[in-house]
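An overview of the molecular structure
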Amino acid sequence: MKFLIEIAGASVVVIAAILVLPRFLELFALINATVYISMAVLALSLALVWGFGGILCFGQAAFFGLGGYSYAVAAINFGDTTYAIPVAIAVPALMAAALGYVMFYGRISDVYMGAITLTLTLILFNFVNSTAGDQWRIGAAPLGGFNGIPSTPPLNLPGDPGNPLPPESIFAIAAISLLLCYILAKFILRARFGRVIVAIRENERRAELLGYDARAYKLGIFVIGGAMAGLSGMLFANCVFVSPTMFSLFYSGQIIIWVMVGGLGTLVGPVIGAILLNFFTTWAGTLPDINPSLILGAILMLAVLVVPRGVLPSLTTLLGRLRGAGDAPGDAA
Amino acid sequence: MDLVFAIGFQVMSGVATLLITSLGLAIIFGMMRVINLAHGEFLMLGAYAAILSAREGLNIWISMLVVAPLVVGGIGFVVERFIIRRLYGRMIDTMLATWGLSLALIGAVTMVFGNTVAGFSAPLGSFAIGGFTASAYALFLIFAAVVLLGGTWAILRFTAFGLLARGTMQNAEMASALGVSPDRVYAATFAAGSAVSGLAGALIAPFSGVVPTMGAAFIAKSFITVITGGAAMLAGTFSASSLLGTVSTLGTFATTPVFGEVMMLAVAIVLLRLLPQGITGRFFRRAL
Amino acid sequence: MTALLATEHLTMRFGGVVAVDDVDLNVADGELRCLIGPNGAGKSTLFKCLTGQIKPSAGRILWRGRDITGLESFEIARLGVGIKTQVPSLFDGLTVLESVRLALRREARERVARARAMATLEQLGIADLAQHATALLAHGQRQLVELAMVVAPAPDLIILDEPTAGMSAEETARAAHVIRALNASHAIIVVEHDMPFIRAIAKKVTVLHQGRVLMEDDVASVLADRRVQDVYLGKAADASLKVIA
Ligand SMILES: Nc1ncnc2c1ncn2[C@@H]1O[C@H](COP(=O)(O)OP(=O)(O)OP(=O)(O)O)[C@@H](O)[C@H]1O
Ligand SMILES: [Mg+2]
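The structure displayed is predicted, hence computed values, not measured ones.

1. What to know about the site of ligand 1
Residue and element names in this part refer to chain C. With respect to spatial proximity, the complete set of residues near ligand 1 consists of Phe14, Val17, Ala19, Pro38, Asn39, Gly40, Ala41, Gly42, Lys43, Ser44, Thr45 and His193. Within the backbone of Ala41, an N or O atom sits 3.1 Å from an oxygen atom of ligand 1. Within the contact set of ligand 1, an oxygen atom lies 2.9 Å away from a backbone nitrogen or oxygen of Gly42. Listing elements by their share of the shell around ligand 1, those giving two or more residues are strand 2 (17-27) and helix 1 (43-50). Per-class residue counts for the shell around ligand 1 are 5 nonpolar, 6 polar and 1 charged.

Below, the structure written as structure tokens:
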């Protein structure tokens, strides 16, 4: 029952946003809102992988960047964005499968996992940065080095490349993607697969002694997370264009911050965290002399030191207590 | 022949750079099981400390070898006091908090000094062997790596502080039962590790250039070197940086720097697959 | 008849230490076997080899005659082996019922699985804990919850590592009772230290010493054996052993 109410609630919010926001927002703000939504999808991917799977991935930005670049390269080569979308999801998913296979089947510990995912992201960053010049092209698409691919095409009507979609439609597509990812995550967690994932997070050895192959389950959730991050990269590429910063440590750190602030082990928390923090950093970016990196870093430090449960869950608990409303919805997903 | 020399020298200076830039992280990880993800920014702060004091007219060697480690050691002391100490035993949280610190430091330094590359040229000219010339400063870096490694070893092996530190590392409860305050040992260790990072940052600055974001280029390599090395921090860092430094330098030679890094990561992953506890989890277990 | 679980020349070395040295063990269907030995005899190491947590350096492990050496823990569990670790190992974020339901891995029908989980909890007398979070339970209750997870899928063999560690005399007596009752339907291997407990439950005892099997016989002969007295409790403890025996 609660499950259905939550899904219905999320659907209402998203549909309302699609109907209302484009009427009130100027073009620039609407594109920004689309960016925020793509970030929310990215936050959701790490919420699954880290918050529920217990897998500390420092390199979620790698899948995000791969998704964006795969989309751009495929769309330029196909001359049509329709089939670029599955490519943008499949390439990061495959990358996650390969990396996850090495990490989980090698049974390496959290710290090693952090080291490997971080290094991989940095290598991709360096690699893409070094692809300036005409010899670096995939088919018709120049990779463009540190400039990225400014000619990243926006989505078009399926099968109709002459008809690029207006920003309102792209906003709607992004919002619906977010909703679908949320519903997918809800179903995953409700299904047996999700319960086993949570059990493995709680006690991997016990799960194995009960006959569950923890490696396979972790690989599964990691690949789902990679695919979702790829989708998010595709949405992002539609609002801006792809460039190496998508792979940067700054992005990897940000994703972790959204999930940390939103609360580990919840889905809505990181989504809200991503949107609010993006608002906040965009606003802070307009202030003179304040560097967004400083603010984000300070938020992360404070989140870890003061409210390790997550800012949003702690706030809800606090509000609940102030209202004297009995049980705090600390585990609201 | 000259080519062999040239490559051999490049490899050695690659290894030395990796060793120097990893040692501070290794000391902190080896003694305290803390991964300091702001390590790259500690290097950056060391580089800035050196370059700024040199600009103020201080002797370049004093700026690099004295000022940089002192400044960053002091910063490390403060960081330990306000962040690390609150999170002992929570390895993941420590990594996250120091990542936050890393972002904050990049932001703060950018605000103060701007996002431009500063730099100073290698202070030592060049030398020639046969038909091949090399930077004398690279030779100095190799020398510095040897001295740093040997010095750390000697401190741990022969001094009273080294004994305390090793004792605390082995068994903190026992050490505190003997009247040693683990808090103090940890504080001193973190400050010392930070000082080494600061020194390293100053040492590599002539080659790398000085920008607020320069740490990013080093953190991943240092991290993977320390992890590949395993529990014994000095033997581990030495063996891992020798191996990975050689691989990445040769890879760079054969192709491009990026490919050198890819090869280094690939080797590290294979190695971790074979030796999940790192090199010193299997070999040199009794080493420091 | 092939044994349910057997080892052949099983050996585990850690560097220079030979923790398990050429051990041949045969456990039959329905048997209750105790594995005892002084500190450092290699009991826990043998337990870890049998449960797939470490890979032996040499030798084989056979399950109904099939070589299972080097299988992963989850593969061994899937053969029908229930494993209880020394320190209770639970899912702290889940409720008791959810935990036991997860143990019924092969039951896909949610309703059936929940009913079976409840039945197991009732059997062990902890049905009232079903909706409790495992994290909040007392030590004795945690032991029982883990036991429920182990027996719920009706394994052919249950392996228990020091099940009475940290228990009071009374709790130990109750554990002995539970284990004898379980033995009616499952083969059991118990790694133990506690002598009164061994006497209470054991039929056949295997004594490990310095990694080797010192002797294997029924409980009375083992406890009366001179060599066992020497290695197991040391000469000084002779008197107390006689009292127990
Ligand atoms: N991972 C390991 N590395 C090195 N040596 C080990 C390891 N595990 C066990 N040993 C050694 O193997 C021997 C047997 O240890 P084990 O823990 O199996 O004994 P035990 O019979 O369970 O003892 P206890 O009754 O004290 O639990 C001991 O000498 C121990 O030091
Ligand atoms: Mg033992």
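2. Focus on the confidence of the model for chain A
Residue and element names in this part refer to chain A. Summary statistics for chain A give a mean pLDDT of 89 and a share of 97% for residues scoring 70 or more. Predicted confidence in chain A is weakest over helix 13 (residues 311-323), with a mean pLDDT of 78, and strongest over helix 9 (residues 214-239), with 96. Segment residues 325-333: pLDDT under 50, and 12 contacts once partners within four positions in sequence are set aside and those in other chains are kept.

3. A word on the interface of chain B and chain A
Taken together, the contacts link 39 residues of chain B with 41 residues of chain A. Between chain B and chain A, the buried area comes to about 3400 Å², and carbon and sulfur atoms account for 82% of it. Per-residue buried area on chain B facing chain A is highest for Leu96(B), Trp99(B) and Leu103(B); these three make up 20% of the total on that side. For the pair chain B and chain A, the number of links is 0 salt bridges. Along the contact surface separating chain B from chain A lie 2 residue pairs in polar contact (both at pLDDT 80 or more).

4. Let's talk about the domain arrangement of chain C
Size of an interface, as often reported, equals the accessible area lost when the parts are brought together. All names here are of chain C. When its domains are assigned, chain C resolves into domain 1 (5-80 + 155-244) and domain 2 (91-138 + 147-153). Contacts between the two partners involve 6 residues from domain 1 and, on the opposite side, 7 residues from domain 2. With both sides pooled, the region where domain 1 packs onto domain 2 buries about 540 Å², and carbon together with sulfur makes up 72% of that total. If you sort the residues of domain 1 by the area they bury against domain 2, Arg78, Pro155 and Leu182 come out on top, with a joint share of 63%. Viewed at the interface, domain 2 and domain 1 are joined by 0 salt bridges. The interface formed by domain 1 and domain 2 includes 0 residue pairs in polar contact (both at pLDDT 80 or more). Partitioned by chemical class, the residues of the side of domain 1 that touches domain 2 number 5 nonpolar, no polar and 1 charged.

The rules we used
- Residues numbered from 1 in each chain as written.
- Chains lettered and ligands numbered in written order.
- Predicted model: local features only at pLDDT ≥ 70, side-chain atom pairs only at ≥ 80, totals over all residues.
- Heavy atoms only, no water.
- Near = heavy atom within 4 Å.
- Polar contact = N/O pair within 3.5 Å; in protein donor to acceptor, adjacent residues only side chain to side chain.
- Helix = DSSP H or I, 4+ residues; strand = E, 2+ residues; numbered from the N terminus.
- Nonpolar A, V, L, I, M, F, W, Y, C, P; charged D, E, K, R; others polar.
- pLDDT = per-residue confidence, 0-100.
- Contact = heavy atoms within 4.5 Å.
- Buried area = accessible area lost by both parts, 1.4 Å probe.
- Salt bridge = Lys/Arg side-chain N within 4 Å of Asp/Glu carboxyl O.
- Domains from an automatic or database assignment.

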